[in-house]
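# Coordinate inspection notes
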Amino acid sequence: MTRAVSKFAKAIPVVAASAMVLAACGSSGGGANVAQQASNPAAAAPAPSAAQAPSQAAAPASSGSPAKSRPSAKTSPSSSTKTAASAPALGASKSGSTSKASSSKSSSTASATTGGSKSASASADAVKSGGVTSGQKATKVKSDESSSQKQQDQQIYNQKNGATDVGITKDTIKLGSVNMHGMALGNVLVTPQVHGDMAAIQAINDRGGVLGRRMSLSDCDDGPGEVARAKACIKKLVGSDQVFALITGVDWATASIHDDLKQYHLPYVGAWAYSQTEWQDPFMFPTHMSMIHEAMAGAHWAANTIKPKTYGLICLTSPEMQLACNQVKQIMDASGSKLVKRADVSISETSMSAYVLAMRAAAPEHIIHYVINPATMAKFMVEAAQQGYYPPKGISGNHLAAEVLGSIF
């Protein structure tokens, strides 16, 4: 499926995989409090356009007429919301417009523009006003719109005083995220992800923001990744916080919120792609391959680099991880490696000792895991160490986190 990628999506360096590399150690707990920042209320939504493919910011309609607002959401109680502090915006707006398909939010978001001739002066003004630190260059976004499109953008921008979409004002862009801070080892997997998002936003704001607009992030905690709480978070972020879009989060519920994104016309930039359905949702824009494709890539690496004669598999019982392990088996078997033990484990295993004993008895040269839940594999590695067991050719799998644990113990 071809997707139109907007300047908004290009301008936001979503830190999507930074925390997932750490997915196998730590202890449970929520994220730390983050400085609160007051942000301007969202204004009216933009005019409709005929854009066909979903993207992250809207192409203006030729008529310049007012657009429909995003479907409303009633505020419901959910977890606490955090907001990233933002730096000052550019002294003047840069040229260019943002584009977003009609299937993703409303379809005529016009970006802040003052004409291409003022782009350079805007950057210079930003340096003078403190929007960009002295000695740094402001990030420039090259426009690909025609002259007539730019004029239409400018008309819409002027008409709405820069408030061209839900969650967007003349100088702000409000973003949201849903994360499972309450999962086991959430302080190692989830908290760094949120901090990475906030650091990326701060870095962009320090350089003048996106087309002169500062970004802010409201993060909502859905506990251990419960679907009901995730849906409540989305309702709150849309109805109360009035966010423009969701950005990268770590959450088991991402495969269950497709209807919510469609209902609210809410794009999700940087979905972590735990489920392959995230690649099929027109409102989701993943920055990570699906678990099935990751498993295929990992299996090819193990077959071609480790080259074990025998191997074992540890697989989560979730449908996605079962499909991932099936792909691993297909690739490993085709390479001539023999599966000697497959252990299907649940997300709520209290002990992995029996599985360690089973692997010791089967004696695979290499173990491959696609469990994704960090606590489960952490238990396996700790209990394997207690038994003095580690396969001769190591362990690989989700982000090779188990290999790191093996070196620790």
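This text goes with the structure placed above it.
Going along each chain's sequence as written, the residues are numbered from 1 onward. For this predicted model, a pLDDT threshold of at least 70 governs which residues receive local features, and a threshold of 80 or more governs which side-chain atom pairs are given and counted, while totals over whole chains, interfaces and linings are taken from all residues. Just so you know, side-chain values use all the structure's heavy atoms and leave hydrogens and water out.

### Some words on helix α3 (residues 147-160)
Put simply, the test is: Here a strand is any run of E in DSSP of at least two residues, a helix any run of H or I of at least four, and the numbering for each starts at the N terminus. To estimate how far a helix should reach, multiply one less than its number of residues by 1.5 Å. Here's how the labels work: a residue is buried when its accessible area is under 20% of the maximum for its type, exposed when over 50%, partly exposed in between, all with a 1.4 Å probe on protein chains only. Working note: the arc is built from the helix axis to C-beta atom directions.
Along its 14 residues, α3 runs 20 Å from first to last C-alpha, staying within 8% of the 20 Å computed at 1.5 Å per residue. Inspection of α3 places D153, Q154, I156, Y157 and K160 among the buried residues, and these make up the whole buried set. Viewed end-on, α3 has its buried residues packed into an arc of 165°, placing them on one side of the element. Turned more than 90 degrees from where α3 packs its buried face, S147 and Q155 sit exposed. One or two steps after α3, the chain reaches N161, where phi turns positive at roughly 55°.

### Thoughts on unusual backbone geometry
Even without glycine at this site, H265 takes up a positive phi of about 50°. Take H265: it is sitting in the loop between α7 (258-264) and β5 (268-269). H265 sits in the partly exposed class, given a relative accessible area of 28%. A positive phi angle, close to 65°, is found at A273, a residue other than glycine. Mapped onto the elements of the fold, A273 is located in the loop between β5 and β6 (284-285).

### A few points about the packing of aromatic side chains
The cut-off we apply is this: Stacked, edge-to-face and tilted are the three classes for Phe, Tyr and Trp ring pairs, Trp counted by its six-membered ring, which pair at centre distances within 6.5 Å; planes under 30 degrees apart are stacked, over 60 edge-to-face, the rest tilted.
Per the stated rule, a full pass over the model turns up 3 aromatic pairs. When the centroid spacing of 5.8 Å and the interplanar angle of 45° are considered together, the rings of W252 and W272 count as tilted. With W252 in the loop between β4 (245-247) and α7 and W272 in the loop between β5 and β6, this residue pair connects regions lying 20 residues apart in the sequence. A network of ring pairs unites the aromatic residues W252, W272 and Y274 as a single cluster.

### With respect to the state of the cysteines
Working definition: the covalent bond between the sulfur atoms of two cysteines is a disulfide. Rules: Throughout, a disulfide means two cysteine sulfur atoms within 2.5 Å of one another.
Under the criterion given, the structure shown has 2 disulfides. Between C220 and C233 runs a disulfide, and the two sulfur atoms are separated by 2.1 Å. In this structure the cystine formed by C220 and C233 twists about its S-S bond by roughly -70°; its chirality is therefore left-handed. Placement of C220 in strand β3 (residues 214-221) and of C233 in helix α6 (residues 227-239) is noted, with a sequence separation of 13 residues between them. Like C233, C220 is buried. Two residues share a disulfide in this structure: C315 and C325, whose sulfurs sit 2.2 Å from each other. Between C315 and C325 the disulfide shows an S-S torsion of about -110°. By sign, it is left-handed. Of this pair, C315 sits in strand β7 (residues 310-316) while C325 sits in helix α9 (residues 319-334); the two residues are 10 residues apart in sequence, bridging distant segments of the chain. Owing to a relative accessible area of 0%, C315 belongs among the buried residues under this scheme. Look at C325 and you get buried, because its relative accessible area is 0%.

### Regarding the side chain of K236
Operational definition: Definition of a polar contact: a pair of N or O atoms within 3.5 Å, with one able to donate and the other able to accept a hydrogen when the atoms are protein atoms, and with sequence-neighbouring residues admitted only if both atoms are side-chain atoms.
In this fold, K236 is placed in helix α6. Owing to a relative accessible area of 14%, K236 belongs among the buried residues under this scheme. Reaching out from K236, the side chain makes a polar contact with the side chain of D241 at a distance of 3.0 Å.

### Re the pattern of salt bridges
Worth spelling out the cut-off: We count a salt bridge whenever a side-chain nitrogen from Lys or Arg sits within 4 Å of a carboxyl oxygen from Asp or Glu.
For the structure shown, the criterion picks out 5 salt bridges. Between K236 and D241 there is a salt bridge; the shortest N-O distance is 3.0 Å. Across the pair K329 and D333 runs a salt bridge whose closest N-O atoms are separated by 2.6 Å. Highlighted residues: K329 and D333, both in helix α9, separated by 4 residues, approximately one helical turn.

These values are about where atoms sit, not about what they do.
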